[in-house]
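# Overview (structure and organization)
Chain by chain, the residues run as shown.
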Amino acid sequence: GIRPGKGNRSGTIGSLLVGVPTADGLQYAPVVGLTTTVRQLLTEDINQDGLSDLLISTGDNQLLVYQQGFDGTLSDPYSLGNFPSSQISIATGDLNGYLPDLISLNNQNGSLEVRTDGFFGLFNTPHTREVDHHPQAFFVADVTGDQRNDLVVADGPKAELRVFRNTGNGALFGTAVTVVTNLPPTCSIGRSFECLEDTTVLDIPVTSISAGIGEEQLVRFVPLYSSDPDILPLPQFVRQEDTSGKFILKPVRARSGSVSIGYYIEDSGDDGNFETTEDNAYNFQTFDVVITPIRAIVFSPVSAIQQQRPTFNWTQVPDAVEYRVWITNNSTSRDPLILTTVSDTSYQPEQDLGIGRFDVWVQAVKANGQRLPWSLKHSFEISTAILLPKPASRLATARPEFTWPAVSGADAYEIYLTNVSTGQAGVIQQIVTTNSWKPETDLRMSSWRIWGRALIRGRYAASWSGARDFTITTPPTPITPLVFSTQRRPEFQWSAVSGASQYGFQLRNAATGKVVYDVRGLTSPAFTPPADLPFGRYRWWSFAESTASGIRGDWSVATELVISDRPVLLSPVGTVPAQNPLLKWMAFPGAVTYEVWVNRSQPSEYIVSAAGLNSTEWQVP
């Protein structure tokens, strides 16, 4: 701090003051509040805004930068970091022909730190270069007359000035070291370009190619990336003259969109060698290319779909007022299947397209009637699966029938059947021409799984349906005895069931409901009672069983049976109003003729009789 008017130091730390000349002499005003001593103070227009900024080397070994605003105030400082106490001197000067740079000298390790100025007055990362010996001071000046600032260093032990000349490529060098201040190469090129889709070659001119201000190094252009190489691959750069060239772009046919191209310009450095990258300078740049579409891009439907009336969507084409849509079914060779015109960028057919492989093209039409190129072919499939009905879990038939809604465009269907119980796949694989299927042979008593799909025979197969599971539980069919038997120990027989390994049988008294026989584990479809059955009415059933699959089939229908040694009158029974009723009786095995005798019960008397009847009924006269 300075005590105004006395010229000596105060004993405390105060502010950095500015003396403003007035009619009454210097008037001091505080500018920056400090919490430490000032070792060195510089003023420099760091950010080239026409206002002086402050650089302060402090007693606590920091280097602070205060940028001045247009209202005369200074910004909050930003620190360039801590410096060793041996950092004895700082200076500013333009070393690279761009903005003021900052150079600091360390006399302990004999090094110079060069911070080149970046955008907005923010210094870049320092480059440290050793000077050797013990430099005591330095300054920045053009000592060679080439319009480039050089560095002059005073070396105490050697009692000499050492000049680090700024060479044409921006390098500082002396007898032992080189401090690189190489400017990046530059050129003049636009930022955005346009062309129409199907442009084969687009040239982007590049002019004013330079290795840097006043530098004469070699320069090359290296393409880095394309944001969408499917639209625009990496370009080629061709040098035409020393200071001009061009990028040659080759857009992909029938592709459009906005693409960014990245590249860098590189100089060869002080040694003129691109391979030694330590002294090379780079300039990374981009430019944009907008490729305006002249054809639509169809983007839906995609892949294999189930819908028979899909919605077609495509991109808009500039200046188009309507679009022509062409759809082909390759599986049926219908070309075109649909040819229509719409005013929007979507279309949905009013009728089913059927199954198969399809191609679609879209053509934009301008208001003046000009038809632009057709879009590229867009392919998709309609693979509608049939909807098999869900069967009952147990089917009491060996030949179940499946019927499903017809699929548009199909001329046949394929049925695929797997035996789940045995694990045998493809037991039945059959093609039918209607939307219904029934096995031609009995299915075994097992658990089954069935699929189906629609076909265009020999040309296309749609998606398989969902699997449907069911179990065959076929009941046996009664064979004998039926209705009447004179044998008291008849052999009961029923049909064999495919896949059955054993059978069960049950006989009941029809009058009492009592179970007479309940037999399981029969190895053949028959059973003979071990003892005579009393005459009377009976009811019997049977079932099949598969021990391999663990499935027991359904019971057969109940069979009514009368066991007797004489005919059994069937009607009339009870009370009837007719005076001459119709008498009916069961056929008796082996009978040739019948005789009928009618008596009155009360009073007991003979009424009528007949003999030699050859049928099982007789009308009382």
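Residues numbered from 1 in each chain as written. Predicted model: local features only at pLDDT ≥ 70, side-chain atom pairs only at ≥ 80, totals over all residues. Heavy atoms only, no water.

### Some thoughts on the overall build of the chain
The number of helices and strands found in the chain is zero helices and 54 strands. Per-residue burial over the chain gives 40% buried out of 621 residues. Sequence separation of 24 or more characterises 53% of the internal contacts of the chain that already satisfy a separation of 6 or more. When the accessible surface of the chain is totalled, it reaches about 32300 Å², and 49% of it is carbon and sulfur. (Helix = DSSP H or I, 4+ residues; strand = E, 2+ residues; numbered from the N terminus. Buried < 20%, exposed > 50% of the residue type's maximum accessible area, 1.4 Å probe, protein only. Contact = heavy atoms within 4.5 Å. Areas by Shrake-Rupley, 256 points an atom, 1.4 Å probe, with all protein chains shown as cover.)

### Digging into the sheet that holds strand 26 (residues 312–314)
Pairing within the open sheet is antiparallel, and its three strands lie in the order 24-26-29. With one partner strand each, in any of the chains shown, strand 24 (298–300) and strand 29 (346–347) form the two edges of the open sheet. As judged from the two bridges shared by strand 24 and strand 26, these two strands associate in the antiparallel manner. Bridged to Ser 300 within strand 26 is Asn 313. (Pairing = 2+ DSSP bridges.)

### A closer look at the sheet that holds strand 54 (residues 617–619)
Read across the sheet, three strands follow the order 50-51-54 without closing on themselves; strand pairing throughout is antiparallel. A strand with exactly one partner marks an edge of an open sheet, and here the two such strands are strand 50 (569–571) and strand 54. Mean inter-strand twist for the sheet, computed between neighbouring axes without regard to direction, equals 25°. Pairing analysis gives two bridges linking strand 50 to strand 51 (residues 582–585), with the strands arranged antiparallel. Counted as the bridge partner of Ser 571 is Lys 584 from strand 51. (Axes fitted to C-alpha atoms, helices over the stretch in contact; angles between N-to-C directions.)

### Some thoughts on the packing of aromatic side chains
The relation between two aromatic rings is expressed through the spacing of the ring centres and the mutual angle of the planes. Inspection of the entire model under this criterion finds 33 aromatic pairs. Geometrically, the ring pair formed by Tyr 263 and Phe 287 is tilted, given 5.9 Å between the ring centres and 50° between the ring planes. Taken together, the residues span a long stretch of sequence, with Tyr 263 in strand 22 (residues 257–267) and Phe 287 in strand 23 (residues 282–292) at a distance of 24 residues. Where Tyr 264 meets Phe 284, the ring centres are 5.4 Å apart and the plane angle is 45°; that geometry is what we call tilted. With Tyr 264 in strand 22 and Phe 284 in strand 23, this residue pair connects regions lying 20 residues apart in the sequence. In this structure Phe 284 comes out as exposed when scored by relative accessible area, which is 54%. An aromatic cluster is defined as three or more aromatic residues linked by ring pairs; in this entry it consists of Phe 492, Trp 494, Tyr 503, Phe 505, Tyr 517, Phe 527 and Trp 540. The ring of Phe 535 is capped by Arg 488, whose NZ or CZ atom sits 4.8 Å from the centre of that ring. It is Arg 552 that lies over the ring of Phe 543; its NZ or CZ is 4.5 Å from the centre. (Phe/Tyr/Trp six-rings, centres within 6.5 Å; stacked < 30°, edge-to-face > 60°. Lys NZ or Arg CZ within 6 Å of the ring centre and 35° of its normal.)

### Observations regarding unusual backbone geometry
The omega torsion across Ser 300 and Pro 301 is 5°, close enough to zero to call that bond cis. By secondary structure assignment, the location of Pro 301 is in the loop between strand 24 and strand 25 (304–305). Between Ser 571 and Pro 572 the backbone carries a cis peptide bond, its omega angle lying at 5°. Inspection of the secondary structure assignment puts Pro 572 in the loop between strand 50 and strand 51.

### A word on the pairing of strand 17 (residues 192–196)
Here strand 17 shows a clear split, with Phe 193 and Cys 195 buried on one side and none of Ser 192, Glu 194 and Leu 196 buried on the other. Two elements, strand 17 and strand 23, share five bridges in a ladder whose sense is parallel. Residue pairing across strands places Leu 196 opposite Thr 292, the latter belonging to strand 23.

### Some thoughts on the side chain of Thr 384
Of note, Thr 384 is situated in the loop between strand 32 (378–382) and strand 33 (394–395). Side-chain polar atoms of Thr 384 contact the side chain of Gln 308, separated by 2.9 Å. Leave out the neighbours within four places in its chain, and Thr 384 touches Ile 305, Gln 306, Gln 308, Ile 355, Val 407, Ala 454, Ala 462 and Ser 463. (Polar contact = N/O pair within 3.5 Å; in protein donor to acceptor, adjacent residues only side chain to side chain.)

### Examining the environment of Asp 319
With respect to the helices and strands, the residue Asp 319 is situated in the loop between strand 26 and strand 27 (320–329). The class for Asp 319 is exposed, based on a relative accessible area of 60%. Taking the C-alpha atoms as reference points, Asp 319 and Ile 294, 25 residues apart in sequence, are found 9.4 Å from one another. In contact with Asp 319, other than residues within four places in its own chain, are Val 365, Lys 366 and Ala 367.

### Digging into the confidence of the model for the chain
Per-residue pLDDT for the chain averages 87, and the proportion of residues at 70 or more is 86%. Here residues 168–181 is a poorly scored stretch, pLDDT under 50, and it has 53 contacts once near neighbours within four places are set aside; other chains count. (pLDDT = per-residue confidence, 0-100.)

### Details of the side chain of Gln 506
Here Gln 506 shows up in strand 44 (residues 502–509). Engagement of the side chain of Gln 506 in a polar contact is seen with the side chain of Arg 508, the distance being 3.0 Å. A polar contact of 3.3 Å, which involves the side chain of Gln 506, links it to the side chain of Asp 518. In contact with Gln 506, other than residues within four places in its own chain, are Val 515, Tyr 517, Asp 518, Arg 539, Trp 540, Trp 541 and Trp 555.

### Structural notes on the pattern of salt bridges
Side-chain pairing between opposite charges can occur once the charged atoms of the two side chains come close. One pass over the full model with this rule turns up 16 salt bridges. The partner of Lys 246 in a salt bridge is Asp 203, and the shortest N-O contact between them spans 3.3 Å. Highlighted residues: Lys 246 in strand 21 (residues 244–249) and Asp 203 in strand 18 (residues 202–210), separated in sequence by 43 residues. The class for Lys 246 is partly exposed, based on a relative accessible area of 21%. Accessibility expressed as a relative area gives 38% for Asp 203, which makes it partly exposed. Shared partners join several salt bridges into a network, and the residues in it are Glu 197, Asp 198 and Arg 295. (Salt bridge = Lys/Arg side-chain N within 4 Å of Asp/Glu carboxyl O.)

### Some details on a nonpolar patch on the surface
On the surface, Leu 224, Tyr 225, Tyr 282 and Phe 284 cluster together to form a nonpolar patch covering roughly 390 Å² of accessible area. Mapped onto the nonpolar patch, the elements with two or more residues apiece are strand 19 (219–226) and strand 23. Secondary-structure assignment places Tyr 225 in strand 19. (Patch = residues over 30% accessible without salt bridge, like charges linked within 9 Å, V, L, I, M, F, W, Y side chains within 5 Å.)

### Here's the deal with the pairing of strand 30 (residues 356–366)
Taken across its 11 residues, strand 30 has eight buried, putting it largely inside the fold. In the sheet, strand 27 pairs with strand 30 via nine bridges, with the strands oriented antiparallel. The residue bridging Asn 329 from the neighbouring strand is Phe 358, located in strand 30. In the sheet, strand 30 pairs with strand 32 via five bridges, with the strands oriented antiparallel. Note that in strand 32 the partner of Asp 359 across the bridge is Ser 379. Note: strand 30 against strand 31 (residues 371–374), two bridges, orientation antiparallel. Bridge pairing in strand 31 links Val 365 to Arg 371. What sits between strand 30 and strand 31 in their antiparallel hairpin is a turn of four residues, with Gly 369 showing a positive phi close to 90°.

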